[in-house]
Each structure stands twice: as C-alpha cells, then as structure tokens.
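Structural description and commentary
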Amino acid sequence: MTRSFNLADIFEVVAQAVPERTAFVCGAQRLSFAQLDERATRLASALRAQGVQRGHHVGIQLHNSAAYLETFFACCKLGAAPVNVNYRYVADELAYLFKTLELRALVHGAAFEAEVTKALPQVPTLILRVPVGAGAGTAGAAGADVRSISFDTLMASGRPQLEDPGRSGDDIFMLCTGGTTGMPKGVMWPHRSLFMAALGGGGIYFRRPPIAAPEELATLVPSGPALTYFAVAPLMHGAAMWATLISLFAGHTVVVNDEPAFDAAHVWDIVVRDGVNILSIVGDAMALPLIQALEREPGRWNLQRLMVFGNGGAVFSRHLQDRLKACVPHIVVNNGLGSSESGLVGGGDKPVGDKEGL
C-alpha cells in the first residue's frame, strides 16, 4: 500500500511500526500507538456515517484529553479539516468562527455547553455536535437540523475499518489563530506542506533531511530514541499541536497537562512522574512561573531525565533563560522561530556554558 503525506497515513505508518509503544499520556489516560490509531479509525467511520465528508470543517473545542487527538486523526483519516477552537471563546467569538469556516461538525467539551448553545443558531451549515465528558449524554438540542450525539456513543458506533481511497497530502488542516491578530482566523495548511514546513519533514529526531516517502518512518522509528515529550501549552494551541505531531511521528510518547489551569508546580510534578525528556512552552508567560517554582523550592524535583527545554510561539527572554540554566544546568534550551502561516523558519539551542547562544 502506497502512503500519501496525509497526516493520518503518516501516523498509521508509525503506529504499525511501534504498536505497543505508549503514544499519549494525560493523567490517568494512556493510549498506545495501536489504540490511538484504532480509536481514531472507529471515530472516523462514525463521523462519516453521520454525514461528515472530505473537505468538511470539524471543530475541536476540548481541554487536553485523548478525545482531542482521536478527533484530530479521525478528521485526517476522512479528509475532513480539523479546526482547533479556543475553549476560552464566548458565544460571539464562537459564532463568528463557526460561521466563517462553515463548520459542519463540532466536538466540544460538555463544560462549554452554554456558550456553544448560544452560538450554534447562527451556524446554518452545522449538521452534528458531539459533546464530550460529564453531562454529555444529556446535552440540549442543537437545532432542528443538527444531531447531538455524545462522544462515547458515537465512538461505540464506529467500525474498525475505514476505506478512504481519496486520502491525500493535499487534504487540509485548518489552524485557527486569534489573540493578537484580532478575531479568530483560519490558516489553511495542506498536510504535506505542514509536514515539511512546520513539522520538520520527519527528520528532526533522526538527524537527517526530510523523508521522501512516509514508509521510510517504518524503518527509522523503531531504531530511534524512545523519548517522552511534554507539551505544556494546551493542544488547542498551534505550537503545542505541532510539537506533539513531530514527536508522535518520531514514535515518542506525548504527555500533556491533565489540568485545564496552568500550575507551575503541577507541571514539574508531571515532568518527574512521567519521566519527561523534552518539554516545550510558549514564551515568558509560562517560563517565568516555572522558573520561580524551581527557585522557591530548589531540589524538590529530580529533573535528571529532562534534557531539552524548548520554546516556540512567543519570546523566551535571555535573562529568563539564564535563570533557568542556573536552576537546571544540564539541560539544553532550544528556541524555535516561525509563524502560523510559514511554519518553522529557524531555531537554535544554547549548550551548557554557551554565552553567545540564543
């Protein structure tokens, strides 16, 4: 079977190469590569049965969870475009985003029910909403033409096989940006372009150029280092999602924060508990409280397994990098430079003792 550069095809190659290796950890939730792939396939078949088709936009409005990645890869398997939705948006922002992108389906946390319910009457294209979590089974009606099915019910209805001959590297991942750019906007990334421009083309952790075909990962991944990566930012943030995909496509275990709020001490607890080797943040807003926690309680956390402290998506100030190195002298600080529209355009690390590095 010839594989395309669709992100689902790439993930399936890795899952077949290291099926028993742990792919995802979120608190008590743990999925192997085989389990994540199998559940994404079931969800994809269930979404298709509910009318979601190639090219349709599917919103993912969730806190960190296995359901986030299951939904993301299910969309990729179908050729539907996954759309990250900021779970802090209120009804007016949601309505604007959903209407602009002509959203056809929405997978959302039950905790966001109130704002979602207010927004959806303004979204005439929506055909399906899928609430996730406590109370999901009793979600209110979404409108006369919109079906509401809980995530667990939808998953249980899925089939273990999915035929999709049209899968392509030209399928779209819709990355939504907001904040400093005003109202949320969608950046259209063809899968192949994203893989090559933003995800390193599969070669980053193997110290080699981008791969020429997805099948090459079947050989590279089993012989590569089995590392554990921690995305500190939520998966709904582009920087965290991209770094997560880079690690998954290298066969690494991805760990995410199991608490919706950012708590520096809890982050360091996760690093120790889950044996994290690589951690990534988004700028000073995350770096400062993490450094302050280390300075307040030196020696509380055994960080010997942590090798790389990465940053992307915002500035990590030089003076904070120096303070971090004073707390954890052995780690390498790595900075990535890029944008939602261009992918990664540069990077650098600061080895131990380097006074001129980034």
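Look a little higher up for the structure.
Conventions we followed
- Residues numbered from 1 in each chain as written.
- Predicted model: local features only at pLDDT ≥ 70, side-chain atom pairs only at ≥ 80, totals over all residues.
- Heavy atoms only, no water.
- Helix = DSSP H or I, 4+ residues; strand = E, 2+ residues; numbered from the N terminus.
- Buried < 20%, exposed > 50% of the residue type's maximum accessible area, 1.4 Å probe, protein only.
- Core = buried A, V, L, I, M, F, W, Y, C linked by side-chain atoms within 4.5 Å.
- Expected span 1.5 Å × (residues − 1).
- 1 Å grid on protein atoms, 1.4 Å probe; cavity = no way out; pocket = protein on both sides within 12 Å on 5 of 7 lines; lining within 4 Å.
- Points joined across faces, edges and corners; volume = space filled by probe spheres on them.
- Nonpolar A, V, L, I, M, F, W, Y, C, P; charged D, E, K, R; others polar.
- Salt bridge = Lys/Arg side-chain N within 4 Å of Asp/Glu carboxyl O.

1. Section: the side chain of Glu 113
Here Glu 113 lies in helix α5 (residues 113–119). For Glu 113, a relative accessible area of 19% gives the class buried.

2. Observations regarding the nonpolar core
Considering soluble globular proteins, one finds that nonpolar side chains tend to be buried as a cluster. Core analysis: the biggest nonpolar cluster contains 126 residues, and Leu 7, Phe 73, Leu 199, Trp 268 and Leu 279 have the highest contact counts within it. Sorting elements by how many residues they give to this core places helix α3 (residues 66–78) first, with 10 residues.

3. Considering helix α9 (residues 238–249)
Since the α-helix advances by 3.6 residues per turn, residues separated by three or four positions end up pointing in the same direction. For α9, built from 12 residues, the straight-helix expectation of 16 Å at 1.5 Å per residue is met to within 8% by its first-to-last C-alpha distance of 16 Å. By the criterion of burial, α9 is predominantly enclosed, with 11 of the 12 residues buried. Among all positions in α9, only Gly 238, Ala 240, Met 241, Trp 242, Ala 243, Thr 244, Leu 245, Ile 246, Ser 247, Leu 248 and Phe 249 are buried. Looking one or two residues past α9, Gly 251 carries a phi angle of roughly 85°, positive in sign.

4. Regarding unusual backbone geometry
Positive phi, normally seen in glycine, also occurs at Glu 102, with a value near 50°. Looking at the element boundaries, Glu 102 is found in the loop between α4 (91–100) and β5 (105–109). The phi dihedral of Arg 207 falls on the positive side, at around 50°, and the residue is not glycine. Position of Arg 207 relative to the elements: it lies in the loop between α7 (191–197) and α8 (217–223).

5. Overview of empty space enclosed by the protein
Throughout the structure, instances matching the rule amount to 2 cavities of 30 Å³ or more. Here the largest cavity defines a volume of roughly 70 Å³. Along its surface, the largest cavity is lined by Phe 195, Leu 199, Gly 202, Gly 203, Ile 204, Tyr 205, Phe 206, Ile 246, Phe 249 and Ala 250. Its residues assigned to classes, the lining of the largest cavity shows 8 nonpolar, 2 polar and no charged. Approximately 50 Å³ is the volume found for the second largest cavity.

6. Regarding the pattern of salt bridges
A complete count under the given rule lists 17 salt bridges for this structure. A salt bridge links Lys 77 to Glu 12, with the shortest nitrogen-to-oxygen separation between them at 2.6 Å. In this pair, Lys 77 sits in helix α3 while Glu 12 sits in helix α1 (residues 7–17), placing the two residues 65 residues apart along the sequence. Classification of Lys 77 by relative accessible area gives buried; the value is 1%. Shared partners join several salt bridges into a network, and the residues in it are Arg 3, Asp 9, Glu 12, Asp 37, Lys 77 and Arg 167.

7. A few points about the layout of surface pockets
Empty space within the second largest pocket amounts to approximately 230 Å³. Considering the residues around the second largest pocket, the lining is formed by 15 residues, among which Met 1, Arg 3, Asp 9, Glu 12 and Arg 167 are closest to the centre. Elements supplying a minimum of two residues to the lining of the second largest pocket: α1 and α2 (33–49). The dominant element in the lining of the second largest pocket, judged by the number of residues it contributes, is α1, at 3 residues. Looking at side-chain class alone, the lining of the second largest pocket contains 3 nonpolar, 4 polar and 8 charged residues.

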